[in-house]
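This is what each chain is made of:
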Amino acid sequence: MKEKLRKFLVSLKRKPHMIPLVVLGIAFIIYSLRLTVISNTTARIQGPNMGLCGFVTMLFSMLGMVSFGRSFPHRKPVNKVMLCLTFLLMAAVIFADTQYIAAVTNAITREVDPIEVTASTSYITESVSMLKLHIGVVIAGLALTALLPVYSPLIKKINTNIAVAENKDMGAIDLAGDA
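Because the structure is a prediction, the values reported are computed rather than measured.

Counting residues in each nonpolar core, the largest one holds 38 residues, and the members touching the most others are Ile45, Tyr100, Val104 and Leu131. Going through the elements one at a time, α2 (18-33), α3 (35-45), α4 (50-71), α5 (80-109), α6 (123-146) and α7 (148-156) are the ones with two or more residues in this core. Among all residues touching Ile45, those that are not within four sequence positions of it are Met50, Val104, Ala107, Ile115 and Ile124.

Here it is in structure tokens:
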């Protein structure tokens, strides 16, 4: 177990940008696994641009992870254009999520024919809470990306050397070759 942890730390020291990529991947998985809830909410409320917001969130999440992967080429400096594109795509994801939450809130609280949340339509509030979680995880991934220059040197300072036992009791080794 210690050796597996050491190998994990060595790989993390070589590629510290994998931390925010994993967090953005978790955000994508959170959204993807609850896509049925989003679809049911969109079909029930049918607010303006709700389907477009769901589409933008899904598409830009995938494109953001691809552009993030292209931002850190192996043994080359950071591709700043792709990194900026990643931030723009994730900002669009956050914007689409907030617009979707606003459309759901508007449909629930409007004065004329509000959508009532009952036991059979509890997926509506579930979608709002999931989107708030998704926004939080995306923001955490972006913060980890922005703080990468801060914690990357700290990770590289972790000692991952293997302690090798010394043999002090060995006698002098004859290298002359007098056989």
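Let's pick the thread back up.
So, about the pattern of salt bridges. Taken as a whole and judged by the stated rule, the model has two salt bridges. Across the pair Glu3 and Arg6 runs a salt bridge whose closest N-O atoms are separated by 2.9 Å. Of this pair, Glu3 and Arg6 both sit in helix α1 (residues 2-14), three residues apart, roughly one helical turn. Across the pair Arg34 and Glu126 runs a salt bridge, and its minimum N-O distance is 1.7 Å. With Arg34 in the loop between α2 and α3 and Glu126 in helix α6, this pair connects stretches of sequence that are 92 residues apart.

Next up on the list: the layout of surface pockets. The calculated volume of the largest pocket comes to roughly 430 Å³. Lining the largest pocket are 18 residues, and of these Pro16, His17, Phe72, Pro73 and Val78 sit closest to its centre. Elements with a minimum of two residues in the lining of the largest pocket: α6 and α7. No other element matches α7, which puts four residues into the lining of the largest pocket. Roughly 150 Å³ of volume is contained in the second largest pocket.

Mapping Tyr123 onto the fold places it in helix α6. Separated by 111 residues in the primary sequence, Tyr123 and Leu12 have C-alpha atoms spaced 39 Å apart. Excluding residues that lie within four positions of it along the chain, Tyr123 makes contacts with Val37, Asn40, Thr41 and Arg44.

Now for the packing of α2 against α4. Where α2 meets α4, the axes come as close as 10 Å, and the angle between the chain directions of the two elements is 155°. Here α4 runs roughly antiparallel to α2, going by the angle between their axes. Note on packing geometry: the crossing formed by α2 with α4 is left-handed. Contact residues: α2 offers Pro20, Leu21, Leu24, Gly25, Phe28, Tyr31 and Ser32, while α4 offers Gly54, Thr57, Met58, Ser61, Met62, Met65 and Phe68.

Turning our attention to empty space enclosed by the protein. Applying the stated rule across the entire model yields one cavity of 30 Å³ or more. Lining the largest cavity we find Leu24, Ala27, Phe28, Ser61, Met65, Met90, His134 and Val138. Listed by contribution, the elements that provide at least two residues to the lining of the largest cavity are α2, α4 and α6. Broken down by element, the residue count for the lining of the largest cavity peaks at three residues, all from α2.

Procedures and definitions
Residues numbered from 1 in each chain as written. Predicted model: local features only at pLDDT ≥ 70, side-chain atom pairs only at ≥ 80, totals over all residues. Heavy atoms only, no water. Core = buried A, V, L, I, M, F, W, Y, C linked by side-chain atoms within 4.5 Å. Buried < 20%, exposed > 50% of the residue type's maximum accessible area, 1.4 Å probe, protein only. Helix = DSSP H or I, 4+ residues; strand = E, 2+ residues; numbered from the N terminus. Contact = heavy atoms within 4.5 Å. Salt bridge = Lys/Arg side-chain N within 4 Å of Asp/Glu carboxyl O. 1 Å grid on protein atoms, 1.4 Å probe; cavity = no way out; pocket = protein on both sides within 12 Å on 5 of 7 lines; lining within 4 Å. Points joined across faces, edges and corners; volume = space filled by probe spheres on them. Axes fitted to C-alpha atoms, helices over the stretch in contact; angles between N-to-C directions. Parallel < 35°, antiparallel > 145°, perpendicular 65-115°, else oblique. Left-handed = near helix turned anticlockwise from the far one by under 90°.

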